[in-house]
Amino acid sequence: MIEPKLAMIPSAVKLISSPYNAKVYSVLPNDGTGDFTGGNIGFTPTAKYNENLLVEFGLEPRLDWYSNQNCPTLLMEAERTNTLFYSSQFDTYWAQQDITLLGNIIISPDGLKNAWKITSNSSNGSGRLSQSVFRNTYAQTYENYSIFVKRGENGGVSDALQLQLNTPNQANINITEFDFDTKEITQLLTSGIYLDESRVRELPNDWYRLEMRYTMDLSYQTIFSILPANNTNVFIWGTQREQTGAIGNGLGVMPSSYIPTSGASSVTRGFDFFNSAGDSLLFDNLEGSLFFDFEEIFDQFLAPSNPRSVSIVNTGDIQNRITIEVYPDGFVFFQYRTTLGTFSALSILINKKQRNKFALSWNQNTFKVSHNGTMKSEDSHNLGLPIALNSLNLDDGNPFASSKFYGEINDIRYYDKLLSNTDLTQLTAI
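Note that the structure is predicted; figures quoted are calculated from it, not measured.

A. Structural context of the overall build of the protein. Each helix and strand counted, the protein has two helices and 32 strands in total. At 24 Å, the protein has a C-alpha radius of gyration in line with the 22 Å of a compact globule built from 430 residues. Once the C-alpha set of the protein is aligned to its principal axes, its extents read approximately 75 × 40 × 35 Å. Looking at the protein residue by residue over its 430 residues, the buried ones come to 57%. Intrachain contacts of the protein at a sequence separation of at least 6 include 67% that bridge at least 24 residues.

Structure (structure tokens):
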């Protein structure tokens, strides 16, 4: 296969520290014309997993090693807020019944000796740590909770950890349990508060990050509690709650990366963005191909009509662009636009929680689409070529619009050739 004219692979990224003046350097071309500009908006510490899968904080664009430890992904997330106070200062929580707390006991997921040990000295299931949380609405909402946990020294089959959400009068309640042996999260008891989805991230030194998404009742106040098994202990660090609001068609928003809070107020992390890679010398050709390899998209809580886009564009021109639009419900649309009109090749439904590889290839009368090793379409059109394509954007050409792409990016390549079907299927093979 021919060499790409532009290649952005996260393992070769170099970073500039300023979040307002950041660059992601492309491997090709080596003259710098393929570099991406952008960065995190805001100065809130942003979390990532380094090559040792330890949680690191910084302000620069994030290379995240969790999905693939051999090669990091470029992590891009929407704006999120952690509304749990003192997210890793558990002596500020309300200790109910017979609970013992010890701080700075063992190494936490950030590599520092700042994890806590919580011990239940109770034999009746009432020992717990709790924090009251409030919503800004009485409407039904979706909420995300996450916590880093490690099995206590007295490990055994009966030492599963429980997390509880309930209204003050316990009229509505959910008890969720994590089993350290099976590494599974299960819903034990529910009334008015429902566990919709969960995920367990395995980290070094027997740490786990438990990530849960719930549908909440209509109450204004909820109590979040951590319950070790009776007469056992567990190590904990880094709690988070994100209130995401109602979502069109019940679409879920899973917990984002960890946002620490250190006081009695919430902390908001700004969104990540990148745009404007390359110039007209790269993209304004008689034919071309775009390859895009990404993993799970972190959905923003918007209606299904709001896509996430990757585009080769004529900056500022709503026409003259070639776009991949990924919608919250998993449908992907491919559009080829010139001043003569818009050609939509097809739409396909993808699983956004697995790796997806796309390749588009075109000339003045052909448009091809390949996905995960299969040709999806090869169509003819009479729209000619887009004029003055000058930028590859991880959005629709406007980095501050709602169509910013969020996800974990493995690889982006641009070729100045119409690729064969064999090349396209080989390029997108999983």
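Back to the text.
B. Summary view of the pattern of salt bridges. Using the criterion set out here, one finds 22 salt bridges in the structure. The partner of Arg269 in a salt bridge is Glu77, with the nearest N and O atoms 3.7 Å apart. Taken as a pair, Arg269 in strand E21 (residues 267-269) and Glu77 in the loop between strand E7 (73-76) and strand E8 (80-82) lie far apart in primary sequence, 192 residues in all. As far as the burial class goes, Arg269 and Glu77 line up, both buried. What emerges from the salt-bridge pattern is a single network uniting Arg62, Glu77, Arg269 and Asp272.

C. How the structure looks around the side chain of Asp395. The residue Asp395 is located in the loop between strand E31 (391-393) and strand E32 (407-415) in this model. The buried charged residue Asp395 lacks any salt bridge partner; its closest oppositely charged side chain belongs to Arg321, at an N-O distance of 6.6 Å. Those residues in contact with Asp395, other than ones at most four positions away along the chain, are Phe274, Asn275, Ser309, Val310, Ser311, Ser403 and Lys404.

D. Representation of the environment of Asn306 within the structure. Summarising the element assignment, Asn306 is placed in the loop between strand E23 (288-294) and strand E24 (308-313). As for Asn306 and Asp329, which are separated by 23 residues in sequence, their C-alpha atoms are 9.8 Å apart. For Asn306, the residues in contact, after removing those within four places along its chain, are Tyr327, Pro328 and Ser402.

E. The arrangement of empty space enclosed by the protein in detail. Tallying each qualifying case throughout the model produces four cavities of 30 Å³ or more. Taken as a whole, the largest cavity holds about 130 Å³ of empty space. When contributions to the lining of the largest cavity are tallied by element, the ones reaching two or more residues are strand E4 (46-49) and strand E18 (207-215). It is E4 that contributes the most residues to the lining of the largest cavity, three residues altogether. Space inside the second largest cavity adds up to approximately 50 Å³. Every residue lining the second largest cavity is listed: Leu53, Leu54, Ser108, Pro109, Leu203, Pro204, Asn205 and Trp207.

F. Seen up close, a nonpolar patch on the surface. On the surface, a nonpolar cluster with roughly 360 Å² of combined accessible area is contributed by Phe134, Tyr138 and Tyr220. Note on placement: Tyr138 falls in the loop between strand E12 (128-134) and strand E13 (142-151).

G. View of the sheet that holds strand E16 (residues 184-191). Taking strand neighbours across the sheet as the criterion, the six strands line up as E9-E12-E19-E14-E15-E16 in an open arrangement whose pairing is antiparallel. Lying at the two open borders of the sheet, with one neighbouring strand each, are strand E9 (94-96) and E16. With direction set aside, neighbouring strand axes in the sheet form an average angle of 20°. Summarising the sheet, strand E14 (residues 161-166) and strand E15 (residues 173-179) pair through six bridges and their orientation is antiparallel. If you follow Leu163 over to E15, its bridge partner there is Thr176.

About the criteria used
- Residues numbered from 1 in each chain as written.
- Predicted model: local features only at pLDDT ≥ 70, side-chain atom pairs only at ≥ 80, totals over all residues.
- Heavy atoms only, no water.
- Helix = DSSP H or I, 4+ residues; strand = E, 2+ residues; numbered from the N terminus.
- Rg over C-alpha atoms; globule rule 2.2 N^0.38 Å.
- Buried < 20%, exposed > 50% of the residue type's maximum accessible area, 1.4 Å probe, protein only.
- Contact = heavy atoms within 4.5 Å.
- Salt bridge = Lys/Arg side-chain N within 4 Å of Asp/Glu carboxyl O.
- Lys, Arg positive; Asp, Glu negative; His and termini not counted.
- 1 Å grid on protein atoms, 1.4 Å probe; cavity = no way out; pocket = protein on both sides within 12 Å on 5 of 7 lines; lining within 4 Å.
- Points joined across faces, edges and corners; volume = space filled by probe spheres on them.
- Patch = residues over 30% accessible without salt bridge, like charges linked within 9 Å, V, L, I, M, F, W, Y side chains within 5 Å.
- Areas by Shrake-Rupley, 256 points an atom, 1.4 Å probe, with all protein chains shown as cover.
- Pairing = 2+ DSSP bridges.
- Axes fitted to C-alpha atoms, helices over the stretch in contact; angles between N-to-C directions.

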